[in-house]
Amino acid sequence: MANLSIRNLDDAIRDELRLRAARNGRSVEDEVRVILREASQGGHMSAAGLPQEPAAETTAPAPNPREILRQHGGSQPKVTLIIGGGIAAYKSLDLIRRIKERGIHVRVVLTQAAQKFVTALAASALSNERAYTDLFDPQSEFDAGHIRLARECDLVVVAPATADLMAKMANGHADDLASAILLASNKPILIAPAMNPLMWSNAATKRNVAQLQRDGIRMIGPNAGEMAERNEAGTGRMAEPLEIAEAANALLRPQRPQPLKGKRVLITAGPTQEPIDPVRYIANRSSGKQGYAIADAARAAGADVILVSGPVELDEPVSVNVKHVESARDMLTAVEAALPVDIAIFAAAVADWRVVNEGAQKLKKKAGEAMAPLQLTENPDILATISKLETNRPPLVIGFAAETEHLIDNATAKIKRKGCDWIVANDVSPATGIMGGDSNTVNLLTRDKATGDIAVDSWAPMSKEDVAATLVARIASATAKDTA
Ligand SMILES: Cc1cc2nc3c(=O)[nH]c(=O)nc-3n(C[C@H](O)[C@H](O)[C@H](O)COP(=O)(O)O)c2cc1C
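Computed from a prediction, not measured in an experiment: that's the story for all the values here.

**Quick word on the pairing of strand β20 (residues 454–458)**
So, step 1. Inspection of the sheet shows strand β19 (residues 442–447) paired to β20 by 5 bridges, in the antiparallel sense. Across the sheet, residue T446 finds its bridge partner in β20, namely A455.
So, step 2. Between the antiparallel neighbours β19 and β20 lie 6 residues, among them G452 with a positive phi of about 80°.

**Structural notes on unusual backbone geometry**
So, step 1. The linkage connecting A159 with the following residue, P160, adopts the cis geometry, with an omega of -5°.
So, step 2. The linkage connecting G221 with the following residue, P222, adopts the cis geometry, with an omega of 0°.
So, step 3. Mapped onto the fold, P222 is located in the loop between β5 (218–219) and β6 (223–226).
So, step 4. Of note in the backbone geometry, N392 takes a positive phi value of approximately 70° without being a glycine.

**A look at the site of the ligand**
So, step 1. For the ligand, the set of nearby residues contains 15 residues, the closest of which are G85, G86, T111, A113 and T162.
So, step 2. Per-element accounting of the shell around the ligand gives the leading share, 3 residues, to helix α8 (residues 163–171).

**Overview of the pairing of strand β4 (residues 189–193)**
So, step 1. Across the 5 residues that make up β4, a large majority, 5, are buried.
So, step 2. Across the two faces of β4 the burial is the same, with I189, I191 and P193 and L190 and A192 all buried.
So, step 3. In this sheet, β4 lies alongside strand β3 (residues 155–161) in parallel orientation, the contact comprising 4 bridges. Bridging from a neighbouring strand, V156 pairs with I189 of β4.
So, step 4. Where β4 and β5 come together, 2 bridges link them in parallel fashion. For I191, the partnering residue across the bridge sits in β5 and is M219.

**Let's talk about the sheet that holds strand β17 (residues 422–427)**
So, step 1. One open sheet accounts for 8 strands, arranged β12-β11-β8-β13-β16-β17-β19-β20; its pairing is mixed. Edge positions in the sheet fall to β12 (321–324) and β20, since each of these pairs with one other strand and no more. Ignoring which end each strand starts from, the neighbouring axes of this sheet average 15° apart.
So, step 2. Judged from the 6 bridges that link them, strand β16 (residues 396–403) and β17 form a sheet pairing that is parallel. Each bridged residue has a counterpart across the sheet, and for A402 the counterpart in β17 is N426.
So, step 3. Lying over the sheet, helix α13 (residues 289–300) contacts β8 (264–269), β11 (304–309) and β13 (343–346), oriented at roughly 165° with respect to β8.

**A few points about the packing of helix α4 (residues 89–101) against helix α5 (residues 120–127)**
So, step 1. Interaxial distance between α4 and α5 falls to 9 Å at its minimum, and their mutual angle equals 15°. Put simply, α4 runs roughly parallel to α5. When the axes of α4 and α5 are compared, the crossing they make is right-handed. Contact with α4, carried on its side by L93, I96 and R97, involves A122, A123, L126 and S127 of α5 and no other residues of that element.
So, step 2. Tallied by class, residues from the contact of α4 with α5 come to 5 nonpolar, 1 polar and 1 charged.

**Looking at the sheet that holds strand β2 (residues 105–110)**
So, step 1. Spatial ordering of the open sheet is given by β2-β1-β3-β4-β5, a layout of 5 strands whose pairing is parallel. Both outer strands of the open sheet, β2 and β5, are each paired with one neighbouring strand and no more.
So, step 2. Alignment of strand β1 (residues 78–83) against β3, held across 4 bridges, turns out to be parallel. Residue V79 lies in a different strand from β3, and its bridge partner there is L155.
So, step 3. Sheet strands in contact with α4 are β1, β2 and β3, and its direction is about 175° off that of β1.

**Remarks on the environment of L95**
So, step 1. Looking at where L95 falls in the secondary structure, it is placed in helix α4.
So, step 2. Exposure remark for L95: the 30 C-beta atoms within 10 Å place this residue in the buried category.
So, step 3. Remark: the alpha-carbon pair of L95 and E240, spanning 145 residues in sequence, is separated by 8.3 Å.
So, step 4. If we skip the residues at most four places from it in the chain, L95 touches L81, A159, P241, I244 and A245.

**Quick look at the environment of T333**
So, step 1. Counting through the fold element by element, T333 comes out in helix α14 (residues 328–338).
So, step 2. When the 15 C-beta atoms within 10 Å are taken as the criterion, T333 is described as partly exposed.
So, step 3. In the structure, T333 is positioned 49 residues away from I382 in sequence and 9.4 Å away in space, judged by C-alpha atoms.

**Regarding the nonpolar core**
So, step 1. Counting 65 residues, the largest nonpolar core has V265, I267, I294, A298 and V472 as its most contacted members.
So, step 2. Sort the elements by how many residues they give to this core and helix α17 (residues 464–483) lands first, with 8 residues.
So, step 3. Filtering out sequence-adjacent residues up to four positions away, A298 remains in contact with L260, V265, I267, A303, V305 and V472.
So, step 4. Of all hydrophobic cores here, the second largest spans 54 residues; its members include I104, V109, V156 and L252.

Calculation criteria
- Residues numbered from 1 in each chain as written.
- Predicted model: local features only at pLDDT ≥ 70, side-chain atom pairs only at ≥ 80, totals over all residues.
- Pairing = 2+ DSSP bridges.
- Helix = DSSP H or I, 4+ residues; strand = E, 2+ residues; numbered from the N terminus.
- Near = placed C-beta within 6 Å.
- Buried ≥ 20, exposed ≤ 12 C-beta atoms within 10 Å, placed from the backbone.
- Axes fitted to C-alpha atoms, helices over the stretch in contact; angles between N-to-C directions.
- Contact = placed C-beta atoms within 7 Å.
- Parallel < 35°, antiparallel > 145°, perpendicular 65-115°, else oblique.
- Left-handed = near helix turned anticlockwise from the far one by under 90°.
- Nonpolar A, V, L, I, M, F, W, Y, C, P; charged D, E, K, R; others polar.
- Core = buried A, V, L, I, M, F, W, Y, C linked by C-beta atoms within 7 Å.

In C-alpha cells, the structure reads:
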C-alpha cells in the first residue's frame, strides 16, 4: 500500500477519490484502503467503478464529479462562450483557457463586433474547435446549428456582455447568432458585463440589468477600477477571467463539501530573497507550487485563506488573500499581522541567513580588488517563532522540512526543536526533481499533543495538488476531532 499511486488514475476518478476522502475526513490513501477493504468484502460497485459509499448521515450526499459526468451523459460539462464586441474581448481568450483548465469543454461564438477585437481563428485555436460567427452559415445551419449551440451545452457564458447584447437579451432580440442562441437557450446563462462606467450607470442599462435579473440571468461583475479609455475609472471593468471561470465552475459543479468552513488558514509559500545590494539578492530554488496548491485546496475546503508569498512566477489562487513579500523579515511581519488563525502552514523556503553588510548602492567591481566578503547573519525563524508564541499561537502549526539526507531523523529533530505540531518532510536532493517540479514524495510527521509521541506516515509519490488535497483532508479530520 505504501507504493500506491493515484497519479495514473483519470482525473474524474481522482477527483471522486479526493472528494470521498475529504467528505469522510480521511487521507486519499486511507480512503483507498477503505475502498479496497469494502470491495474485498463484496461491497456494491458504483457505475463509476468505485464501491458505493455507505448511506451518508445527511439527507443529500454531495454530488461528485463522476456523478456530474454521468448527468452530462458521461462527457465533460460544456460551455457555450459568447464573446461580445467590447474592448475586454481580449481577456476572453484567456477565459477560454481558464474554463478548459477546469475540465470544461468550451465552444466559442463571436459577435460581428467581437471580431473587430479578437479573431475567430484565435478563439478556435484556444478552444480546439471551430468558433462560430454567423447565424446564416449554411455549414452549421443545415440542421439549425444555433439551436444546437444553445442547447448542447450545460451553461451559456457571455463575456464580455456589452451594453448592446444585454439590451438585446432583455428585449428578446434574435437578429444575429449570439442573440438567437441566447433567446433559444434553455440552459443557465452567466453574463460578465463590461462597458464604460457611464454606459453602465445609464438608466437604460439599469433597466436592462433589472430585467435580466428578473429573467434569472446570473451576473458576475462588473468590477470597479481603471478603464481601457484614458483617464476613465469607475464601475464597468469585466470580472477577471479567473473569477468568471470559477463562477462557471460553481454553476456546473454544485457545492463541494467544505470541511474547513469557518476556519482561518495561514499559508506561506515560495522562496525569500535576501538583498546583497539594490539589484542583487540571495534566494533558493523554491517555486512556491506546493504552498499555492495547499492554499487552493484549503480554499476549496471552505477555509478563509491568507497566503504570504515570496517572489514566485505563479498566478494568484482565486478567492485567497495574498500578501506578497520578499525577505524573511518581511514574511515574519506579514505572518504576525495575519494572526490569529486556526491553522498555520509554513511551506515557504525561508532563507536561513541574510547579508549584514548590504550595499546601499550597487556594489561595483574594482579592477584587481577582491570583493569584500559578504557577512551573513541568521534570519528570524518564522516556524519556531509562531510555534512558541504564548498568545495567539495557532492551534495547529505545520512546518515543512526540505532535507537532502537523513530525512526522517532530521524532520523528527526539527519538530521537537521548533515546537510545531506536524511536519511535512520531503527529500529535495536534486535527483528527486521536487524543488521546482510538479510532484512530491512526502512523509507526514505528527506529534501527539498529550504524549509528545511522533508518528510518521509515508505517502506515495503524487502530484503537488494531490499532496495538498491529502494534507487538507488530514487537517479537516484532525480539526473535526479536536472540536468534537
Ligand atoms: C474601441 C471600442 C470599444 C468598445 N468597448 C465597448 C465595451 O467595452 N462595452 C460595450 O458595451 N460596448 C463597447 N463598444 C461598443 C460596441 O462594440 C457596440 O455597441 C457593438 O454594437 C456591440 O456589438 P455586440 O453587442 O453584438 O458585440 C466599443 C466600441 C469600440 C469601437
